[in-house]
Amino acid sequence: QVQLVESGGGLVQAGGSLRLSCTASGSFSRINVMRWYRQAPGKQRELVADITSSGSTNYADSVKGRFTISGDNAKNTVYLQMNSLKPEDTAVYYCNVDVTRLFTTTSFRYWGQGTQVTVSS
């Protein structure tokens, strides 16, 4: 019922910037939380940042001060602006969304397909 399409990944040199986007579509009444996760080779998946419908944000310590999560409610889109990128930021980045589906009062979670971010030294 809900699809997430991610874009914006790529190859960048250390110190550079990228902006990821994730757009939600389908049958839902509201988006409650949008999150960015990442999974690096040999590492467990970790939460990078999240944003609620009210605009509250949260960041992992490793990206605090460098990454910014934001949303565009009119477009059902969440962004992750990544500045001062480091090689250790290399990972597949996944969009994750909690939505209230039509005719329900509970929250459901959906995942994007992932987008590769590679930071060279």
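Residues numbered from 1 in each chain as written. Predicted model: local features only at pLDDT ≥ 70, side-chain atom pairs only at ≥ 80, totals over all residues. Heavy atoms only, no water.

Engineer: For the overall build of the protein chain, give the residues involved together with the corresponding values.
Structural biologist: Helix and strand counts for the protein chain stand at 0 helices and 11 strands. Each helix and strand of the protein chain, placed in order from N terminus to C terminus, yields the pattern β-β-β-β-β-β-β-β-β-β-β. Against the compact-globule benchmark of 14 Å for 121 residues, the protein chain has a radius of gyration of 14 Å, which places it among compact chains. With respect to the principal axes defined by its C-alpha atoms, the protein chain has extents near 50 × 25 × 25 Å. Going through the 121 residues of the protein chain one by one, you find that 43% of them count as buried. A fraction of 56% describes how many contacts in the protein chain between residues 6 or more apart in sequence connect residues 24 or more apart. Side chains of the protein chain carry 12 positive and 8 negative charges; the gap between the two charge centres is 3 Å. (Helix = DSSP H or I, 4+ residues; strand = E, 2+ residues; numbered from the N terminus. Rg over C-alpha atoms; globule rule 2.2 N^0.38 Å. Buried < 20%, exposed > 50% of the residue type's maximum accessible area, 1.4 Å probe, protein only. Contact = heavy atoms within 4.5 Å. Lys, Arg positive; Asp, Glu negative; His and termini not counted. Charge placed at Lys NZ, Arg CZ, Asp CG, Glu CD.)

Engineer: Hey, could you go over the sheet that holds strand β1 (residues 2-7) for me, with residue numbers and the actual values?
Structural biologist: With respect to topology, 4 strands assemble into an open sheet ordered β1-β3-β8-β7, the strand pairing being antiparallel. Strand pairing shows two members of the sheet lacking a second neighbour, β1 and β7 (67-72), which therefore form its edges. With strand direction ignored, the average angle separating the axes of adjacent strands in the sheet is 15°. Both β1 and strand β3 (residues 18-26) contribute to a ladder of 6 bridges, which runs antiparallel. Among the inter-strand pairings, serine 7 is bridged to a residue of β3, identified as serine 21. (Pairing = 2+ DSSP bridges. Axes fitted to C-alpha atoms, helices over the stretch in contact; angles between N-to-C directions.)

Engineer: Which residues make up the nonpolar core, and what values go with them?
Structural biologist: Counting 32 residues, the largest nonpolar core has Trp36, Leu80, Met82 and Tyr93 as the members making the most contacts within it. Among the elements of the structure, β1, β3, β4 (30-39), β5 (46-52), β7, β8 (77-82), β9 (91-100) and β11 (115-120) are those that each provide at least two residues to this core. Element by element, the count of residues in this core is highest for β9, at 5 residues. Sequence-distant contacts of methionine 82, that is, excluding residues within four places in its chain, are made with Gly16, Ser17, Leu18, Leu20, Arg66, Phe67, Tyr93 and Val117. (Core = buried A, V, L, I, M, F, W, Y, C linked by side-chain atoms within 4.5 Å.)

Engineer: For the side chain of arginine 35, give the residues involved together with the corresponding values.
Structural biologist: Looking at where arginine 35 falls in the secondary structure, it is placed in strand β4. Owing to a relative accessible area of 11%, arginine 35 belongs among the buried residues under this scheme. Side-chain polar atoms of arginine 35 contact the side chain of asparagine 96, separated by 2.6 Å. Within polar-contact distance, the side chain of arginine 35 engages the side chain of aspartate 98 at 2.7 Å. (Polar contact = N/O pair within 3.5 Å; in protein donor to acceptor, adjacent residues only side chain to side chain.)

Engineer: Hey, could you go over the state of the cysteines for me, with residue numbers and the actual values?
Structural biologist: Evaluation of the coordinates by the stated rule reveals 1 disulfide. In this model cysteine 22 forms its disulfide with cysteine 95; the gap between the sulfur atoms is 2.1 Å. One disulfide, between cysteine 22 and cysteine 95, carries an S-S torsion of -85° and so falls in the left-handed class. Of this pair, cysteine 22 sits in strand β3 while cysteine 95 is found in strand β9, placing the two residues 73 residues apart along the sequence. Across the pair, cysteine 95 and cysteine 22 agree in class, each one buried. (Disulfide = S-S within 2.5 Å.)

Engineer: I'd like a description of the pattern of salt bridges, backed by residues and values.
Structural biologist: Tallied over the entire structure, the rule returns 6 salt bridges. Between arginine 66 and aspartate 89 there is a salt bridge, with the nearest N and O atoms lying 2.7 Å from each other. Of this pair, arginine 66 sits in the loop between β6 (57-59) and β7 while aspartate 89 sits in the loop between β8 and β9, and the two are 23 residues apart along the sequence. Since its relative accessible area comes to 11%, arginine 66 is described here as buried. Accessibility expressed as a relative area gives 1% for aspartate 89, which makes it buried. Here the salt bridges do not stand alone but share partners, grouping Arg38, Glu46, Arg66 and Asp89 into one network. (Salt bridge = Lys/Arg side-chain N within 4 Å of Asp/Glu carboxyl O.)

Remember, this is a structural readout, not a statement about activity or role.
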